[in-house]
Amino acid sequence: MQIAIANSISRMFGAVSHLFYPHTCAGCGSDILSPESLICTHCFADLPYTRFELHNNNPVEKIFWGRLPLTAATSEFYFAKSSLIQQLVHQFKYKSNIETGHFLGTIMGKSLMNSPRFKTIDVIIPLPLSIHKEQKRGFNQANILCQGISESTGLPVLNESVIRQRYTDTQTRKHRIERWKNVEGSFVVTDPESLRDKHILLVDDVVTTGATLEACGSQLLLIDGVKLSIATLAYATK
Ligand SMILES: [Zn+2]
């Protein structure tokens, strides 16, 4: 009962606040949109969806061929230059607009729910950000996307199961740099036992070469019985 009252009060405030702060589409400025959406239905329909989630051997899966044995992989959008999606990603990553990231995550979650290829996912794990980037940005964008995916799918997010460490000794550094060019730091699974026999969805914002996802995913695949899939918000050609 108290929750119902709190909800209706918050809805009233939401409605009133729109009188003072009009809720307009981030794409075209139209004010015809639902309160929980950041963009109108026209802009929503015009987003560059890949629909990769429905197809095996899609371009994202091909990135990982011969590198990581994945169950499935997808990106929600083509990262088209000067498009609304590029603008939304920019607001999210560089202007710290968390609400935008969460909204994009919910779109990802709905697509994953509609794909039989992602039906057996048990847990969602955000790709950890490199230490200096997280310190600079103040948040991990992959984790925000995961929260949105979780809202749409009901799947749990494990954001402390994998951590990223700086290299410690020179030996490790030399070995790792040869193996994972352009990957900063090494990935450590904190509690492998809790992930045993799970189908894990590893999430990041944009996939290009896939080097960082590969470095992290290969550590997760060392756990007994783990199946791994990957989902990113955007797919960028090199
Ligand atoms: Zn619009």
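Before reading on, note that the structure itself is shown above.
First, a word on scope: everything that follows refers to the structure included in this document. Given the structure is predicted, the values throughout are model-derived calculations rather than measurements.

**Remarks on the coordination of the zinc ion**
Only C25 (SG), C28 (SG), C40 (SG) and C43 (SG) from the protein reach the zinc ion as donors, at distances of 2.3 to 2.4 Å. Considering all 4 donor atoms around the zinc ion, the spread of angles at the metal, 105 to 115 degrees, places the coordination shape in the tetrahedral class. Mapped onto the polypeptide sequence, the residues donating to the zinc ion form the spacing pattern C-x2-C-x11-C-x2-C. Of the two residues, C28 is situated in the loop between α1 (2–20) and α2 (41–46) and C43 in helix α2; the sequence distance between them amounts to 15 residues. Residue classification places C28 among the partly exposed residues on the basis of a relative accessible area of 48%.

**Quick look at the pairing of strand β2 (residues 123–126)**
By the alternation rule, side chains of β2 split into V123 and I125 and I124 and P126, which are all buried. With 4 bridges connecting them, β2 and strand β5 (residues 199–207) associate as parallel partners. Each residue of the ladder has a partner; that of I125, found in β5, is L202.

**Brief notes about the packing of aromatic side chains**
Inspection of every chain in the model, using the stated rule, returns 6 aromatic pairs. With centroids separated by 5.6 Å and ring planes inclined at 80 degrees, the aromatic side chains of F52 and Y78 adopt a geometry described as edge-to-face. Of this pair, F52 sits in the loop between α2 and α3 (59–63) while Y78 sits in strand β1 (residues 72–78), placing them 26 residues apart in sequence. For F52, a relative accessible area of 6% translates into the label buried. The partly exposed category is assigned to Y78, whose relative accessible area is 37%. Seen from their ring centres, F52 and Y235 are 5.5 Å apart, and the 80 degrees between their planes marks the pair as edge-to-face. Of the two residues, F52 sits in the loop between α2 and α3 while Y235 sits in strand β6 (residues 227–235), which places them 183 residues apart along the sequence.

**Side note on the packing of helix α5 (residues 98–113) against helix α7 (residues 141–153)**
Viewed as axis vectors pointing N to C, α5 and α7 meet at an angle of 45 degrees, and their least axial separation amounts to 6 Å. The pairing of α5 with α7 is recorded here as oblique in orientation. Seen from above, α5 lies across α7 with right-handed handedness. For the pair α5 and α7, the contacting residues are I98, G101, H102, L104, G105, T106, M108, G109, K110, L112 and M113 in the first and I144, L145, Q147, G148, I149, E151, S152 and T153 in the second. Across the contact of α5 with α7, the residue classes tally to 8 nonpolar, 9 polar and 2 charged.

**A closer look at the nonpolar core**
Within the largest apolar cluster, 33 residues are counted, with the highest numbers of intra-cluster contacts made by L47, F77, L104, L201 and V203. Those elements that place two or more of their residues in this core are β1, α4 (84–94), α5, α7, β5 and β6. Sequence-distant contacts of L201, that is, excluding residues within four places in its chain, are made with L112, F118, I121, V123, I124, I125, S229, I230 and A231. Of all hydrophobic cores here, the second largest spans 25 residues; its members include I63, A73, I200 and C216.

**Remarks on the side chain of S150**
Note that S150 resides in helix α7. The exposure class of S150 is buried, given its relative accessible area of 18%. Here S150 is in contact with I124, L155 and V157, once residues within four sequence places are set aside.

**Examining the pattern of salt bridges**
Pairing between side chains of opposite charge can happen when the charged atoms of each approach one another. The tally for this structure, following the rule as stated, stands at 7 salt bridges. Between R51 and E53 there is a salt bridge; the shortest N-O distance is 3.2 Å. Measuring nitrogen to oxygen at the nearest pair gives 3.6 Å for the salt bridge that ties D224 to R196. With D224 in the loop between α10 (211–220) and β6 and R196 in the loop between α9 (192–195) and β5, this residue pair connects regions lying 28 residues apart in the sequence. Judged by relative accessible area, R196 falls into the partly exposed class, the value being 36%. Each member of the salt-bridge network shares a partner with another, and the members are R51, E53 and E76.

Conventions used here
- Residues numbered from 1 in each chain as written.
- Predicted model: local features only at pLDDT ≥ 70, side-chain atom pairs only at ≥ 80, totals over all residues.
- Heavy atoms only, no water.
- Donors = N, O, S within 2.8 Å, 3.2 Å for Na, K, Ca; no water.
- Tetrahedral: all angles 85-135°; square planar, octahedral: opposite > 155°, others 65-115°.
- Helix = DSSP H or I, 4+ residues; strand = E, 2+ residues; numbered from the N terminus.
- Buried < 20%, exposed > 50% of the residue type's maximum accessible area, 1.4 Å probe, protein only.
- Pairing = 2+ DSSP bridges.
- Phe/Tyr/Trp six-rings, centres within 6.5 Å; stacked < 30°, edge-to-face > 60°.
- Axes fitted to C-alpha atoms, helices over the stretch in contact; angles between N-to-C directions.
- Parallel < 35°, antiparallel > 145°, perpendicular 65-115°, else oblique.
- Left-handed = near helix turned anticlockwise from the far one by under 90°.
- Contact = heavy atoms within 4.5 Å.
- Nonpolar A, V, L, I, M, F, W, Y, C, P; charged D, E, K, R; others polar.
- Core = buried A, V, L, I, M, F, W, Y, C linked by side-chain atoms within 4.5 Å.
- Salt bridge = Lys/Arg side-chain N within 4 Å of Asp/Glu carboxyl O.

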